[in-house]
Amino acid sequence: VKQHQQVAMRLVPVYAGAGRLPAAEDLLRQMPLSDSPESIEWRRQSELAIAEAYLKAGRGAEAANALIRAAARGSEAGNPGDIPPKMCLEIAAALERAAKRDEAMQWIVRAADWPANSQVVPAPPLSLEDEYHRAFALARLRRFPEAKQAMEHVMNNDPAGDLGREAELTLRHWKAAGVIQ
């Protein structure tokens with residue numbers, strides 16, 4: 001069994017990279033679930049590789065499902081409210097590629113409202129990256145006053161960093177477009 005697992009751990013990314021997605025998924029499903037950090041990370045990386053391959057193949061719905069599975073922790077199926085804003089927006093983009101606009105909007109709302117629906121105790125802290133992506137979700141929902149406040153928070157708390165500069169450019173763009181004052 002252990003030897004089978006080691007072979008599977010090598011084959012899943014190879015199959016995904018070669019476009020043999022059903023074989024990669026079947027092999028991944030055959031692997032026993034484990035709550036060890038290494039196993040969780042390996043499964044997450046495998047699901048992300050499968051999602052990327054589905055996106056390249058133009059299969060957005062399958063990519064979104066793989067991204068959702070990648071967000072699950074160990075043997076838990078995962079609460080959609082626990083998925084951080086960046087991943088929610090990636091799932092939404094995959095669903096939009098599959099012309100599933102209503103489902104995509106649900107993920108954008110989740111990103112905008114994060115971490116309000118999280119079941120993690122204590123509630124996860126809002127990092128600057130989370131706030132940055134949450135601001136984009138708020139803008140997609142045309143909640144520009146909230147988006148502006150979130151983006152200003154990122155800009156002010158990371159003035160010399162990449163996120164701070166990107167936040168400043170985004171605020172300038174929104175102002176030029178007339179969506180904020």
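The following refers to the structure shown. Since this is a predicted model, take the numbers as computed values, not measurements. (Residues numbered from 1 in each chain as written. Predicted model: local features only at pLDDT ≥ 70, side-chain atom pairs only at ≥ 80, totals over all residues. Heavy atoms only, no water.)

This part takes up the side chain of Glu 131. Assignment of secondary structure puts Glu 131 in helix H7 (residues 128–140). You can call Glu 131 buried: its relative accessible area is 8%. If sequence neighbours within four positions are ignored, Glu 131 has contacts with Leu 126, Ala 150, His 153 and Val 154. (Helix = DSSP H or I, 4+ residues; strand = E, 2+ residues; numbered from the N terminus. Buried < 20%, exposed > 50% of the residue type's maximum accessible area, 1.4 Å probe, protein only. Contact = heavy atoms within 4.5 Å.)

With that settled, the discussion passes to the pattern of salt bridges. All chains considered together, the criterion is met by 16 salt bridges. Of the charged contacts, one joins Glu 41 and Arg 44 as a salt bridge, the two residues approaching to 3.0 Å between their closest N and O atoms. Note that Glu 41 and Arg 44 are positioned in helix H3 (residues 37–56) at a spacing of three residues, about one turn of the helix. Classification of Glu 41 as partly exposed rests on a relative accessible area of 34%. Between Arg 134 and Glu 131 there is a salt bridge; the shortest N-O distance is 3.5 Å. Of this pair, Arg 134 and Glu 131 both sit in helix H7, three residues apart, roughly one helical turn. Beyond isolated ion pairs, a larger network of salt bridges with shared partners links Glu 25, Arg 29, Glu 47 and Arg 69. (Salt bridge = Lys/Arg side-chain N within 4 Å of Asp/Glu carboxyl O.)

This next bit is on unusual backbone geometry. Here the bond from Trp 114 into Pro 115 is cis, since omega is 5°, no more than 30 degrees from zero. For Pro 115, the location among the structural elements is in the loop between helix H6 (101–113) and H7. Within the chain, Arg 142 stands out as a residue other than glycine whose phi angle is a positive 60°. Here Arg 142 lies in the loop between H7 and helix H8 (144–157).

Take Arg 69: it is sitting in helix H4 (residues 60–71). In this structure Arg 69 comes out as partly exposed when scored by relative accessible area, which is 29%. On a C-alpha basis, the gap between Arg 69 and Ala 51 in space is 9.6 Å, while along the polypeptide they are 18 residues apart. When near neighbours in sequence (up to four residues on either side) are disregarded, Arg 69 contacts Glu 25, Arg 29 and Glu 47.

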